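Take a look at the letters that make up each chain.
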Amino acid sequence: MSRRRSLTVAGIAAVIAVALGIWISFEIHWFPVQASTQAHNTDRLYHVLVIATIPIFVLVVGVILYCVWQFRMKPGEELKDGPPIHGNTRLEVFWTALPTVLLLSMVGYSFVVLAENEKKPAHEIQVGVTGLQFYWSFQYPPSVTGGAAIDSYQLYLPDNETVQFNMRSRDVIHAFWIPAFRLQEDVVPGITTHYRATPDRLGDYPAVCNLLCGVGHSLMRTTVHVVTPAQFRAWIAKQLSTGTSSTASSTGGGTTG
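Right, let's walk through the structure included here.

Thresholds, definitions, all that
Residues numbered from 1 in each chain as written. Predicted model: local features only at pLDDT ≥ 70, side-chain atom pairs only at ≥ 80, totals over all residues. Heavy atoms only, no water. Axes fitted to C-alpha atoms, helices over the stretch in contact; angles between N-to-C directions. Helix = DSSP H or I, 4+ residues; strand = E, 2+ residues; numbered from the N terminus. Parallel < 35°, antiparallel > 145°, perpendicular 65-115°, else oblique. Contact = heavy atoms within 4.5 Å. Nonpolar A, V, L, I, M, F, W, Y, C, P; charged D, E, K, R; others polar. Core = buried A, V, L, I, M, F, W, Y, C linked by side-chain atoms within 4.5 Å. Buried < 20%, exposed > 50% of the residue type's maximum accessible area, 1.4 Å probe, protein only. Phe/Tyr/Trp six-rings, centres within 6.5 Å; stacked < 30°, edge-to-face > 60°. Polar contact = N/O pair within 3.5 Å; in protein donor to acceptor, adjacent residues only side chain to side chain. Expected span 1.5 Å × (residues − 1). Pairing = 2+ DSSP bridges. Salt bridge = Lys/Arg side-chain N within 4 Å of Asp/Glu carboxyl O.

**Describing the packing of helix 2 (residues 37-70) against helix 3 (residues 89-118)**
Consideration 1: Packing of helix 2 against helix 3 brings their axes to within 9 Å, and their N-to-C directions diverge by 175°. Accordingly, the angle class assigned to the pair helix 2 and helix 3 is roughly antiparallel. Contacts between helix 2 and helix 3 involve Gln-38, Asn-41, Thr-42, Arg-44, Leu-45, Val-48, Leu-49, Ala-52, Thr-53 and Ile-56 from the former and Leu-102, Met-106, Tyr-109, Ser-110, Val-113, Glu-116 and Asn-117 from the latter.
Consideration 2: Broken down by class, the residue content of the contact of helix 2 with helix 3 amounts to nine nonpolar, six polar and two charged.

Written as structure tokens, this is what we have:
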């Protein structure tokens, strides 16, 4: 096969491989359902990175396979050395500059997504999160309840309203992870960590500890209930009327769904 024809075949195969790889990345549902605006931003970033990196992967592997195919050693050439050549300055500048531009572009876009996810809106509610071997409890301040503070084993959030989680640990390092929100942050003894989420899909979603925190680590999970604002206010009113939720922070036990 002539050199030009072999290059054409390799180019066509590379284009097919790139198209197939990108198609598979979109067709396979890698992640849980999107339940926050941050999840949409994060998944979009993932797809941008996949679209950018699959052609690079195909190019590198394609060049290796092409060289193995076209320049493999033939019988009788075991002791033969290749011809001495000098480096190509233009090529070296190109393959240094192009990866630099690609990396800076991907890092820049990642920073834009991170800044967008952490942007503080005009209005948000504050919810405390306390990690303790091996359960979570949640604190709603008077600014949210309109009355007494609530401490509950249940996490209810209003739909389409930004929430800032203020997270603390009473013992060891935990990690508060809501997969449907695509958000996770370490919960560290002695300091308060934060992240911001805007739920945008009604439903119930798991929240788990994502750091090995002891023998009961696998059981340290709860459910995030994303409800309408009216249902959220009704739940707050019910907690205030029963007056039982204030004992959550002082008692042991598991979480409730």
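**As for the nonpolar core**
Consideration 1: Formed by 34 residues in total, the largest nonpolar core has its most connected members in Val-127, Tyr-140, Leu-155, Phe-165, Phe-176 and Phe-181.
Consideration 2: Excluding residues that lie within four positions of it along the chain, Phe-181 makes contacts with Ala-35, Ser-36, Gln-38, Ala-39, Leu-157, Ala-197, Pro-199, Val-224 and Val-226.

**Considering the packing of aromatic side chains**
Consideration 1: Applying the stated rule across the entire model yields eleven aromatic pairs.
Consideration 2: Judged by centre distance (5.5 Å) and plane angle (80°), the rings of Tyr-135 and Tyr-153 are edge-to-face. Of the two residues, Tyr-135 is situated in strand 2 (residues 135-140) and Tyr-153 in the loop between strand 3 (150-152) and strand 4 (155-158); the sequence distance between them amounts to 18 residues.
Consideration 3: Since its relative accessible area comes to 5%, Tyr-135 is described here as buried.
Consideration 4: A centroid spacing of 5.4 Å and a plane angle of 70° characterise the contact between Phe-165 and Tyr-195, whose relative ring orientation is edge-to-face. Highlighted residues: Phe-165 in strand 5 (residues 163-169) and Tyr-195 in strand 8 (residues 193-197), separated in sequence by 30 residues. Neither residue differs from the other here; Phe-165 and Tyr-195 are each classed as buried.
Consideration 5: Here the aromatic cluster, defined as three or more aromatic residues joined through ring pairs, consists of Trp-136, Phe-138, Phe-165, Phe-176 and Tyr-195.

**Brief notes about the environment of Thr-193**
Consideration 1: Inspection of the secondary structure puts Thr-193 in strand 8.
Consideration 2: Thr-193 has contacts with Phe-165, Asn-166, Met-167, Glu-185, Asp-186 and Val-187, leaving out every residue within four places of it along the chain.
Consideration 3: There is a polar contact of 2.7 Å between the side chain of Thr-193 and the backbone oxygen of Asp-186.

**Focus: helix 3**
Consideration 1: Given a rise of 1.5 Å per residue, 30 residues ought to cover 44 Å, and the 43 Å separating the end C-alpha atoms of helix 3 matches this to within 8%.
Consideration 2: Here helix 3 has its buried residues at Met-106, Val-113 and Asn-117.
Consideration 3: Considering only its buried residues, helix 3 is in contact with helix 2 and strand 8.
Consideration 4: Backbone nitrogen of Arg-90 and a side-chain oxygen of the N-cap are separated by 3.1 Å at the start of helix 3; the cap is Asn-88.

**Some remarks on the sheet that holds strand 1 (residues 125-132)**
Consideration 1: Taken in spatial order, the five strands line up as 3-2-1-5-8 in an open sheet, and their pairing is mixed. Of all the strands in the sheet, just strand 3 and strand 8 have a single pairing partner and so form its edges. Going from strand to strand, the sheet's axes swing by 25° on average, the running direction of each strand aside.
Consideration 2: Across five bridges, the pairing between strand 1 and strand 2 is antiparallel. Paired with Thr-130 across the strands is Ser-137, a residue of strand 2.

**Comments concerning the pattern of salt bridges**
Consideration 1: Scanning all chains against the criterion turns up three salt bridges.
Consideration 2: For Glu-116, the salt bridge is made with Lys-119, and the minimal N-O distance between the two is 3.2 Å.
Consideration 3: Given a relative accessible area of 40%, Glu-116 falls into the partly exposed group.

**Details of the pairing of strand 9 (residues 203-209)**
Consideration 1: Of the strand pairs in this sheet, strand 6 (residues 174-178) and strand 9 are connected by two bridges, and their pairing is antiparallel. If you follow Phe-176 over to strand 9, its bridge partner there is Cys-209.
Consideration 2: Pairing between strand 9 and strand 10 (residues 221-227): six bridges, direction antiparallel. Paired with Gly-203 across the bridge in strand 10 is Val-226.

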